[in-house]
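# Tertiary structure, described
One-letter residues, chain by chain:
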Amino acid sequence: MPPSQHADQEQVLETPDSGPDSENQRRRRWPRYLLIGASWLLTALVLLAAIFVVWLRNAAKAALPQLDGEIHVSAQGIRGLTAPVAVRRDQHGVPHIDAASQEDMFVAQGYVTAQDRLWQMDAYRRTANGELAEVLGSSLVRHDKMQRLQQFRNVAHRVYSNLAPEDRARLEAYARGVNLYIAQHQDTLPPEFRLLHYKPQPWSGVDSISIGMMMVDMLDTHWYSKLFRERIAAQLNNPKLESDLYPVGSWRDHPPTGEVVTPGQPHAQPSASADDDDERTVARELPTWDLQLIRDLVAASIGNHTCLDCNPGSNNWVISGTHTASGKPLLSNDMHLGLNEPSIWYMADLRAPGFHAAGVTLPGMPFVIAGHNDHVAWGFTALYGDVQDLYIEKVQDNKYEGPDKQWHPLTIDHELIRVRAGRDVHYDVRLTEHGPLIDPIFTKDPRAIALKWALYDATLNSIPLYAINTASNWTEFNAALAQWCWPTQNVVYSDDEGHIGYHAVGRMPIRPEGIISVPVTDSAHEWQGYIPFQDLPNTFDPPSGFLATANSRVTSADSKYPLTNEWADPYRAERIHKLLQGRDHITPPDLLAVQTDIYSEIDQEMAHRFATAIDHTNNADDQLRKAAELMRNWDGRLTIDSVAASIEVNARYKLRPMLLEPKVGKDLARTYQWSESNFAMEEIVMHGGADWLPPDYKDWDAFLADVVRRALKDSDAPADLSKWTYGSWHVVDIEHPLSGFLPFISRMAGTGKQPLSGDTLTVKQVGETFGPSQRFTMDWSNIDSSTENISLGESGNPYSPYYRDQWDDYYNGRTFPLPFTSEAVSANAQHTLHLLP
């Protein structure tokens, strides 16, 4: 073979793309190529994430407010200050605003609140008005439809247009302050705006009222329970069983009458107001409602997604000087709401000629919501007044039959819901004389159901916060309360002259035929005006020297009108009375101990009943016997290291579905919701009637023992129960509102899961995202030693030192003074900012 040919053959043999060995080599290289590519991709993603984190950190730091020095508060087209305003911040970043005029004070309040909470304010505005989908996308369309249907934005416009000129001027002054901040910080807005790529619209006085509507919705919305009850009652078809599930008050109640009562003394259960039996039982073939959807929407509206029986409520009490160590009154208040980052409240101290008040404010609204001034102090709890009814309407051809039996055209409210990265939604809300029709939101019920609400009454337009903030005695304070429209509330009062008092407030309808707890199908249940203010429960300087409320029944046998059929469970109010009534030499630390109390008599009682049931059960295994022993010896305190609490609470959670499902089925059992449901369960279990015993059990001991057994199994309790501590699963986890959309936010801004003592039945009423939103105690013996703290901190910016500086005190049950006098404010000032015209 010639050398050249031989060389050519060798060259062919050495060609990489030829031969089976080369093919195998290529196949072996592909995984390496993929690995290299994946490594580069991962590196790129990590680098992008790092760049994003650096960008977000820089954006957040750039948005931190100026706390010292001077700022000329001005912007083109916006009227600013007329004189300098001093803003001193104490060690917790609480602003103490001192202005030469009330108008400048409200401008400064708007400006300073925007410094710390602008994105939260905009989120609240969008929540109330049904405008979240515009920035968060189509998943929020259903929420926005609910808000548009309930007319909150329209009501806010109506209220604003009917306010007195001086009230509108205060709202507009606050709005100007917000807008001045927005105009001056277009390039350094809070990072949430930059993350979501939008800028806030100018603020208005109407927006402040919209945020007030958000609170009314949170505290006064109970119409959904009437739908739930209608379905459950129809399935039960037994008035006795229905009344067991839906008690109206209890023998444990302690109405704030001011009379000295024996704590825990059983008394006859009050009868329900004239609930119409025919309305409850005649409808057997009810259309199918998406009741779980309603429940989820309502839960979302109050910021509560995970907590059984976490109903918006609160504790408050007031003690006269005859029972305190100082001889001066003490007043305490802790309002229980959904816990979010940042906190729902913003602490502030506002001072101007003729005005000085301090306490918690609602971001987006002027004034102090709850707190004190130089002469009076006040605190709120939800009253649960029934201000809503559902009416089954006759509708055809865009007309409805009114109470006058005449046909009237429906009013159509054309709504446009803007949707980020999606099609805008045209949504028509149909209204009758009673109110908006709810049925367009749900597709499974052909009935036209109208929501009647005192909120929709065009004659009710008063927001008396200014009058409350400036009252100097009970007469003036009472006159302000008389103008209160919504939400329905319990208000406790104390003053610097040593007086104490209580008044229920809010416009509650008179129903001559009684309160009805299911949808109305006749014309006999129309409202006839509102309960006169003086006929609402109230007392002043009572003989007991002690008043307390905790959302349970406040009416007594002497009350002229029923207020609701749905009170809260009585246990917190009962415990507060047992801890405080009749005690003398009480001090502020004593009251903080009550606010953070984690003993539950009903939990301990149920634990003992579960233990007794196991003792009388022949087939109990070693784990079940151990559970009985732990519960029998439990002291009733829901501490994070308690194993008995873990067993009992899980058993109580399991009790309800096991009791209800045999009667109404699994789906309806999930929708059972009643604010006094735990008392209902207590009475059913402790009376042990045969009509409630599930058919698969021979007696109540066998059933209750199986409840505990199922609770241990379904909760994955460890074989060694000593390791199953309450705090291992019962936690608090406060998250930023955007964490559901941007999970990394929760790692950056959230508290993370922390063991949580107490439960929904303790005075310290808590759940995973629910609990005391603030704690306040007013001490008239030394106004500067009065204490106030919120759950997290003043700032909404994670890089602020005041973002979560209050969390440790809050979580561990501590508090601190809120300086009030000029001397105390100056002595505690950490920063001083001068806002200049």
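Fair warning: this is a prediction, and the values are worked out from it, not measured in the lab.

Tallying secondary structure elements over the protein gives 26 helices and 26 strands in all. Relative to its 837 residues, the protein shows a buried fraction of 60%. Residue pairs in contact within the protein that sit at least 24 positions apart in sequence constitute 73% of those at least 6 positions apart.

Here we come to the pairing of strand β26 (residues 831–836). Strand direction decides the pairing type here: strand β1 (residues 69–72) and β26, joined by 4 bridges, are parallel. Looking at the pairing, Gly-69 lines up with Leu-833 of β26. Sheet analysis places strand β2 (residues 85–89) next to β26, joined by 5 bridges and oriented antiparallel. What sits directly across from Val-87, in β26, is Leu-833.

Moving on to unusual backbone geometry. For the bond running from Glu-341 to Pro-342, omega is -5°, close enough to zero to count as cis. The topology assignment puts Pro-342 in the loop between β5 (330–338) and β6 (346–352). A positive phi angle is found at Tyr-384, which is not glycine, with a value near 70°. The topology assignment puts Tyr-384 in the loop between β9 (376–382) and β10 (388–393). Looking at Tyr-384, the relative accessible area reads 3%, which means it is buried. In the Ramachandran plot, His-585 falls in the positive-phi region, its phi being about 60° despite a non-glycine side chain. Note that His-585 resides in the loop between α16 (571–580) and α17 (588–595).

Turning our eyes to something else, we now look at the packing of helix α20 (residues 643–664) against helix α22 (residues 677–687). One can describe the packing of α20 onto α22 by two numbers: an axis separation of 11 Å at closest approach and a directional angle of 75°. Classified by the angle between their axes, α20 and α22 sit roughly perpendicular to one another. Residues Arg-652, Leu-655, Arg-656 and Leu-659 of α20 form the contact with α22, whose own contacting residues are Ser-677, Asn-678, Met-681, Ile-684 and Val-685.

Okay, a nonpolar patch on the surface next. Together, Trp-30, Tyr-33, Leu-34, Ile-36 and Trp-40 make up a nonpolar patch on the protein surface, roughly 640 Å² of accessible area in all. Considering the arrangement of structural elements, one finds Tyr-33 in helix α2 (residues 20–62).

Looking now at the packing of aromatic side chains. Using the criterion set out here, one finds 23 aromatic pairs in the structure. Grouping aromatic residues by their ring pairs yields a cluster made of Trp-378, Trp-474, Phe-477, Tyr-493 and Phe-540. The side chain of Arg-170 reaches across the aromatic face of Tyr-466, ending 3.5 Å from its centre. Note that Lys-663 overlies the ring of Trp-692, its terminal NZ or CZ placed 5.8 Å from the centroid.

Our next topic: α22. The element α22 is largely enclosed, with a buried count of 9 among its 11 residues. Every buried residue belonging to α22 is among Ser-677, Asn-678, Phe-679, Ala-680, Met-681, Glu-682, Glu-683, Ile-684 and Val-685, and all of these are buried. Elements in contact with the buried residues of α22: α11 (239–245), α16, α18 (601–615), α20 and α23 (700–714). Looking one or two places after α22, you find Gly-688, whose phi comes out positive at around 60°.

Sheet architecture is open: 11 strands sit in the order β1-β26-β2-β3-β6-β7-β8-β9-β17-β18-β19, paired in mixed fashion. At either end of the open sheet lies a strand with only one pairing partner, and these are β1 and β19 (538–540). Within this sheet the neighbouring strands show an average axis-to-axis angle of 20°, counted without direction. Judged from the 7 bridges that link them, β9 and strand β17 (residues 489–495) form a sheet pairing that is antiparallel. By the bridge assignment for β17, Thr-381 is matched with Asn-490.

Enumeration over the complete set of coordinates arrives at 40 salt bridges. The partner of Asp-122 in a salt bridge is Arg-125, with the nearest N and O atoms 2.6 Å apart. Residue Asp-122 and its partner Arg-125 are located together in helix α3 (residues 102–129), separated by 3 residues, close to a single helical turn. For Asp-122, a relative accessible area of 1% puts it in the buried group. The closest approach of N and O atoms between Arg-709 and Asp-706, which form a salt bridge, is 2.9 Å. Separated by 3 residues within a single helix, Arg-709 and Asp-706 lie in helix α23, roughly one turn from each other. A single network of salt bridges, built from pairs that share partners, joins Arg-252, Glu-574, Lys-578, Glu-601, Glu-605 and Glu-682.

With that settled, the discussion passes to empty space enclosed by the protein. In total, this model carries 12 cavities of 30 Å³ or more according to the counting rule given. Here the largest cavity is characterised by a volume of approximately 360 Å³. In terms of lining, the largest cavity is formed by 26 residues, of which the most central are Met-215, Leu-219, Ile-369, Trp-484 and Pro-487. Taken together, the elements giving at least two residues each to the lining of the largest cavity come down to α9 (205–220), β4 (313–319), β5 and β9. Looking at the lining of the largest cavity, the element that brings in the most residues is α9, giving 6 residues. Residues of the lining of the largest cavity, tallied by class, amount to 20 nonpolar, 6 polar and no charged.

Within the secondary structure, Asn-461 sits in the loop between β16 (448–453) and α14 (465–470). Between the C-alpha atoms of Asn-461 and Asn-162, which are 299 residues apart in sequence, the distance is 6.3 Å. Residues in contact with Asn-461, not counting those within four places in the same chain, are Arg-158, Val-159, Asn-162, Leu-163, Cys-485 and Trp-486. Here Ala-458 takes part through its backbone oxygen, which lies 2.7 Å from a polar atom of the side chain of Asn-461.

By size, the foremost hydrophobic cluster in this structure holds 149 residues, and its most contacted members are Trp-345, Phe-477 and Leu-835. A total of 13 residues in this core trace back to one element, the largest contributor, which is α3. Counting 55 residues, the second-largest nonpolar core is a separate cluster that includes Ala-651, Val-708, Leu-712 and Leu-761.

At their nearest, the axes of α3 and helix α5 (residues 141–149) sit 7 Å apart, and the two run at 70° to each other. Judged by the inter-axis angle, α3 sits roughly perpendicular to α5. For the pair α3 and α5, the contacting residues are Thr-127, Ala-128 and Asn-129 in the first and His-143, Gln-147 and Arg-148 in the second.

A separate point is the environment of His-185. With respect to the secondary-structure elements, His-185 resides in the loop between α7 (165–184) and α8 (191–196). For His-185 and Pro-65, which are 120 residues apart along the polypeptide, the C-alpha to C-alpha distance reads 9.8 Å.

Pairing within the open sheet is antiparallel, and its 3 strands lie in the order β11-β12-β13. Both edges of this open sheet fall to β11 (395–396) and β13 (407–409), since each of them pairs with a single strand only. Examined bridge by bridge, β11 and strand β12 (residues 399–401) share 2 bridges and lie antiparallel to one another. When the sheet's bridge partners are listed, Val-395 is paired in β12 with Tyr-400.

This part is about α9. Spanning 16 residues, α9 covers 23 Å between terminal C-alpha atoms, matching the ideal 22 Å at 1.5 Å per step. Judged by how many residues are buried, α9 sits mostly within the fold: 16 of 16 residues are covered.

Parameters and conventions
Residues numbered from 1 in each chain as written. Predicted model: local features only at pLDDT ≥ 70, side-chain atom pairs only at ≥ 80, totals over all residues. Heavy atoms only, no water. Helix = DSSP H or I, 4+ residues; strand = E, 2+ residues; numbered from the N terminus. Buried < 20%, exposed > 50% of the residue type's maximum accessible area, 1.4 Å probe, protein only. Contact = heavy atoms within 4.5 Å. Pairing = 2+ DSSP bridges. Axes fitted to C-alpha atoms, helices over the stretch in contact; angles between N-to-C directions. Parallel < 35°, antiparallel > 145°, perpendicular 65-115°, else oblique. Patch = residues over 30% accessible without salt bridge, like charges linked within 9 Å, V, L, I, M, F, W, Y side chains within 5 Å. Areas by Shrake-Rupley, 256 points an atom, 1.4 Å probe, with all protein chains shown as cover. Salt bridge = Lys/Arg side-chain N within 4 Å of Asp/Glu carboxyl O. Phe/Tyr/Trp six-rings, centres within 6.5 Å; stacked < 30°, edge-to-face > 60°. Lys NZ or Arg CZ within 6 Å of the ring centre and 35° of its normal. 1 Å grid on protein atoms, 1.4 Å probe; cavity = no way out; pocket = protein on both sides within 12 Å on 5 of 7 lines; lining within 4 Å. Points joined across faces, edges and corners; volume = space filled by probe spheres on them. Nonpolar A, V, L, I, M, F, W, Y, C, P; charged D, E, K, R; others polar. Polar contact = N/O pair within 3.5 Å; in protein donor to acceptor, adjacent residues only side chain to side chain. Core = buried A, V, L, I, M, F, W, Y, C linked by side-chain atoms within 4.5 Å. Expected span 1.5 Å × (residues − 1).

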